[in-house]
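This is what each chain is made of:
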Amino acid sequence: MEEVLNTKEQVIKAAIDLFSTKGFNGTSIRAIANAMGMSISNIYHYFGNKEGLILAILEQSSERLLEILRQVSKQDMDPIDRLKLLIESHVRLSEVFRKESKIFFIDEDHLSPEGNENNLQNQREILNIYLKELKILKDFGYLSSQNLPVLAFNILGVINWQLKWYRPEGPLSMDEVSREIVSFVMHGILGTSSRTETVFSSTVHASR
């Protein structure tokens, strides 16, 4: 059983590399089999087809991301600090799963109805985690916006967009990018009222 799990894990890694560079349509089962030095029939045996492989990648990466975001959301801490930690954790995990995220950012249209539903379910849960945190901030009087879903989608848009432009070999480290994204989002949702500006400034300095 352990050998089977190790083999499946290696196939998934090979598929991630190929899907992220050549795209879902541009990658064949044969190419994955060649990269693994195994027969095509073995991959069909483990995953059924190419769709089964991409669903396995989705399940693996989404579960890890959701697990971390759930843990952060459950922490007993100041709600502003918790949202900052949530965003920072999300950005850093996006870097860890950059290849996987790139696959679904570009190739989600190639998912089957079942795969699409799985993907949407994961996205809904992530959205709901952010909505919960934003509602807490609103209840504390830190938010003036009446449309929390728009705020949540804007946050996710900023986080997801860096998958398109950030380059690890570029001049900015992930620490710098993460700080800039957190600062941009927090100032955007909290505004510049004296109360929120004071609270946000104090939490920023305390984290340095």
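Predicted model only: the values in this text are computed from it and were never measured.

### Thoughts on the overall build of the protein chain
Within the protein chain, the regular secondary structure consists of ten helices and zero strands. Seen in sequence order, the protein chain has helices and strands lined up from the N terminus as α-α-α-α-α-α-α-α-α-α. Sorting the 208 residues of the protein chain into buried and exposed places 42% on the buried side. Partitioning the contacts of the protein chain with sequence separation of at least 6, the portion at a separation of at least 24 is 69%. When the accessible surface of the protein chain is split by element, carbon and sulfur atoms take 52% of a total near 11,500 Å².

### Notes on the packing of helix α4 (residues 50–73) against helix α5 (residues 79–96)
The N-to-C vectors of α4 and α5 enclose an angle of 165 degrees; their axes lie 9 Å apart at closest approach. Of the possible angle classes, the one that applies to α4 and α5 is roughly antiparallel. For α4 against α5, the interelement crossing comes out right-handed. Every residue of α5 that contacts α4 at Leu65, Ile68, Leu69, Val72 and Ser73 is listed here: Arg82, Leu85, Leu86, Ser89, His90 and Leu93.

### Considerations on the nonpolar core
Among soluble globular proteins, nonpolar side chains are generally buried collectively. If you look at the biggest cluster of nonpolar residues, it comprises 34 residues, and the most contacted ones within it are Leu83, Ile87, Tyr130, Leu134 and Ile189. Listed by contribution, the elements that provide at least two residues to this core are α4, α5, α7 (113–139), α8 (148–165) and α9 (174–190). At eight residues, α9 tops the list of elements feeding residues into this core. With residues near it in sequence (within four places) discarded, Ile87 still touches Tyr130, Ile155, Ile159, Ile181, Val182, Val185 and Met186. By size, the runner-up hydrophobic cluster in this structure holds 19 residues, among which are Ala15, Ala33, Ile43 and Ile57.

### Looking at the environment of Lys22
Note that Lys22 resides in helix α1 (residues 2–22). On a C-alpha basis, the gap between Lys22 and Ile103 in space is 9.6 Å, while along the polypeptide they are 81 residues apart.

### Side note on the pattern of salt bridges
A complete count under the given rule lists six salt bridges for this structure. Of the charged contacts in the structure, one is a salt bridge between Glu133 and Arg82, with a shortest N-O distance of 2.8 Å. Here Arg82 lies in helix α5 and Glu133 lies in helix α7, a separation of 51 residues in the sequence. Asp139 serves as the salt-bridge partner of Lys135, at 3.1 Å between the closest nitrogen and oxygen. Of this pair, Lys135 and Asp139 both sit in helix α7, four residues apart, roughly one helical turn. Residue Lys135 is classed as partly exposed on the basis of its relative accessible area of 47%. A relative accessible area of 56% places Asp139 in the exposed class. Counted as one network, the salt bridges with shared partners bring together Glu88, Arg92 and Asp175.

### Considering the packing of α7 against α8
Packed helices, taken two at a time, are described by the angle between their axes plus the distance between the axes. Look at α7 against α8: their axes get within 9 Å of each other, and the N-to-C directions meet at 125 degrees. The angle between α7 and α8 falls in the class oblique. For the pair α7 and α8, the crossing hand works out as right-handed. Facing Ile126, Leu127, Tyr130, Leu131, Leu134, Lys135 and Lys138 of α7, the residues of α8 in contact are Leu148, Pro149, Leu151, Ala152, Phe153, Ile155, Leu156 and Ile159.

### A word on the side chain of Arg82
Arg82 gets classed as buried once you look at its relative accessible area, which sits at 8%. In terms of polar contacts, Arg82 uses its side chain to reach the backbone carbonyl oxygen of Gln75, at 3.0 Å. Contact partners of Arg82, with chain neighbours within four places excluded, come to Val72, Ser73, Gln75, Met77, Glu133 and Ile136.

### A short note on the packing of aromatic side chains
According to the stated counting rule, one finds three aromatic pairs in the structure shown. Taking 6.4 Å as the distance between ring centres and 65 degrees as the angle between the ring planes, the aromatic pair formed by Tyr46 and Phe47 counts as edge-to-face. Relative to Tyr142, the ring of Phe140 lies with its centre 6.4 Å away and its plane at 20 degrees, an arrangement referred to as stacked. For Tyr142, a relative accessible area of 12% translates into the label buried. For Lys8, the ring lying beneath its charged end belongs to Phe47, and the centroid distance is 5.7 Å.

About the criteria used
- Residues numbered from 1 in each chain as written.
- Predicted model: local features only at pLDDT ≥ 70, side-chain atom pairs only at ≥ 80, totals over all residues.
- Heavy atoms only, no water.
- Helix = DSSP H or I, 4+ residues; strand = E, 2+ residues; numbered from the N terminus.
- Buried < 20%, exposed > 50% of the residue type's maximum accessible area, 1.4 Å probe, protein only.
- Contact = heavy atoms within 4.5 Å.
- Areas by Shrake-Rupley, 256 points an atom, 1.4 Å probe, with all protein chains shown as cover.
- Axes fitted to C-alpha atoms, helices over the stretch in contact; angles between N-to-C directions.
- Parallel < 35°, antiparallel > 145°, perpendicular 65-115°, else oblique.
- Left-handed = near helix turned anticlockwise from the far one by under 90°.
- Core = buried A, V, L, I, M, F, W, Y, C linked by side-chain atoms within 4.5 Å.
- Salt bridge = Lys/Arg side-chain N within 4 Å of Asp/Glu carboxyl O.
- Polar contact = N/O pair within 3.5 Å; in protein donor to acceptor, adjacent residues only side chain to side chain.
- Phe/Tyr/Trp six-rings, centres within 6.5 Å; stacked < 30°, edge-to-face > 60°.
- Lys NZ or Arg CZ within 6 Å of the ring centre and 35° of its normal.

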